[in-house]
Amino acid sequence: MLFRSFELASGFLTGDGTLSLTNAATWSGGVFSGAGRIFVPSGAALSIVAPSGKTLDSRRLINEGTIRWTEGGSIAFVQGVIENRASGLIELRGDATLYDPDAPASIAILDNAGLIRKTNSVATTTFNSIAVQQRGTIEVWSGTMQFIPNFNPSPSSRVRVGLAGIAQGTGFGRILVNNDAVLDGALEAVRVNGYAPAAGDVFRVISCGGLKGGFASFAGLESRSEEHTSELQSQFRISYAVF
């Protein structure tokens, strides 16, 4: 099925076919289920709105366009796969939770080869019991992106943080990991709107229960890491450490 305009507000959409959204679509409530696929092509957008509970059960969601989650609430994600391809953007504007209510009996996978961006919010977006395969880019411009239980980025992945002040949440965003963060890939710091940190300022951009590995490269920072701390122009520190 191909739709230029679509909204699921309640009830169920199920089956083994492909729902292709070619323009603007809205998910404000209800359940996507079945063995089929939801496809968001390049140039199309799916908006997830309203705080009411939603469920993605077994169905595969493939994004090559834009998915915007603009409000709070939660999505129960059971067994299926969310595939954010290289051209795909998932933008997290609200503070909400994507969780697997059947874990560990089932596996729900978020495969990110594109961009997941947290912005416009100072609180927390949580991925709870989701198998996050992070091989693309994660941006945290404000608030907190939380992973329960672990965070294991691949060597090809990138974590990008924006620095606009020293207050966590409003001035800079962070990644919070309840258990282990097994770090790899690249870390990039971006100063927002010409922000100039003072000498000695510290920005803890990753907090975790256990820390393993380390970022292989740094952009916007000096290419060195000492005790899980990297200095940007020898003036202030970007750190990632255990609680």
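Quick caveat, the model's predicted, so the values are computed rather than measured.

*Asks:* Can you help me understand the overall build of the protein chain in this one?
*Replies:* Counting its secondary structure elements, the protein chain contains zero helices and 26 strands. Counting over 243 residues, the protein chain shows a buried share of 51%. Across the protein chain, the fraction of contacts at a sequence separation of at least 24, relative to all contacts at a separation of at least 6, is 51%.

*Asks:* What is the right way to look at the packing of aromatic side chains in this model?
*Replies:* The geometry of two aromatic rings is summed up by the distance between their centres and the angle between their planes. Summed over all chains, the structure comprises five aromatic pairs. Seen from their ring centres, Phe172 and Phe203 are 5.3 Å apart, and the 80° between their planes marks the pair as edge-to-face. You can see Phe172 sitting in the loop between strand E20 (158-163) and strand E21 (174-183) and its partner Phe203 sitting in strand E23 (residues 202-213), a full 31 residues away along the chain. Given a relative accessible area of 3%, Phe172 falls into the buried group. Three or more aromatic residues joined by ring pairs form one cluster here, namely Phe6, Trp27 and Phe32.

*Asks:* Could you clarify how one ought to interpret the side chain of Gln146 in this entry?
*Replies:* Within the fold, Gln146 resides in strand E19 (residues 144-148). In this structure Gln146 comes out as buried when scored by relative accessible area, which is 13%. A polar atom in the side chain of Gln146 sits 2.8 Å from the side chain of Asn178. The contacts of Gln146, once residues within four sequence positions are left out, are Thr124, Thr125, Thr126, Phe127, Leu176 and Asn178.

*Asks:* Please clarify how the confidence of the model for the protein chain should be interpreted in this entry.
*Replies:* Detailed conclusions should not be drawn from predicted coordinates in areas where pLDDT is low. Confidence along the protein chain averages 88 in pLDDT terms, with 89% of residues attaining 70 or more. pLDDT under 50 marks residues 222-228. Its contacts with residues more than four places away, or in other chains, come to 16 contacts. Below a pLDDT of 50 lies the segment residues 230-235, which in the model reaches 24 contacts outside its immediate sequence neighbourhood of four places, other chains included.

*Asks:* What exactly am I supposed to notice about the nonpolar core here?
*Replies:* For soluble globular proteins, nonpolar side chains are generally found buried alongside one another. Counting residues in hydrophobic clusters, the biggest one holds 54 residues, and the most contacted among them are Phe32, Phe127 and Ile175. Looking at this core, the element that brings in the most residues is E23, giving five residues. Discounting chain neighbours no more than four positions away, the residues touching Phe32 are Phe6, Leu8, Leu13, Leu19, Trp27, Ile38, Thr55, Leu56, Asp57 and Arg59.

*Asks:* Can you help me understand the pattern of salt bridges in this one?
*Replies:* Between side chains of opposite charge, pairing is possible as soon as their charged atoms come close. Using the criterion set out here, one finds 13 salt bridges in the structure. With its nearest N and O atoms 2.9 Å apart, the salt bridge here joins Glu188 to Arg160. Remark: Arg160 occurs in strand E20 and Glu188 occurs in strand E22 (residues 186-191); sequence separation between them is 28 residues. On the basis of relative accessible area, Glu188 is assigned to the buried category, the value being 16%. Using a relative accessible area of 19% as the deciding quantity, one classes Arg160 as buried.

*Asks:* Help me out: how do you make sense of the environment of Arg59 in this one?
*Replies:* Mapped onto the secondary structure, Arg59 falls in the loop between strand E7 (54-57) and strand E8 (60-63). Given the relative accessible area of 1%, Arg59 is considered buried. Side-chain polar atoms of Arg59 contact the backbone oxygen of Gly15, separated by 2.9 Å. In terms of polar contacts, Arg59 uses its side chain to reach the backbone carbonyl oxygen of Ser33, at 2.7 Å.

Conventions used here
- Residues numbered from 1 in each chain as written.
- Predicted model: local features only at pLDDT ≥ 70, side-chain atom pairs only at ≥ 80, totals over all residues.
- Heavy atoms only, no water.
- Helix = DSSP H or I, 4+ residues; strand = E, 2+ residues; numbered from the N terminus.
- Buried < 20%, exposed > 50% of the residue type's maximum accessible area, 1.4 Å probe, protein only.
- Contact = heavy atoms within 4.5 Å.
- Phe/Tyr/Trp six-rings, centres within 6.5 Å; stacked < 30°, edge-to-face > 60°.
- Polar contact = N/O pair within 3.5 Å; in protein donor to acceptor, adjacent residues only side chain to side chain.
- pLDDT = per-residue confidence, 0-100.
- Core = buried A, V, L, I, M, F, W, Y, C linked by side-chain atoms within 4.5 Å.
- Salt bridge = Lys/Arg side-chain N within 4 Å of Asp/Glu carboxyl O.

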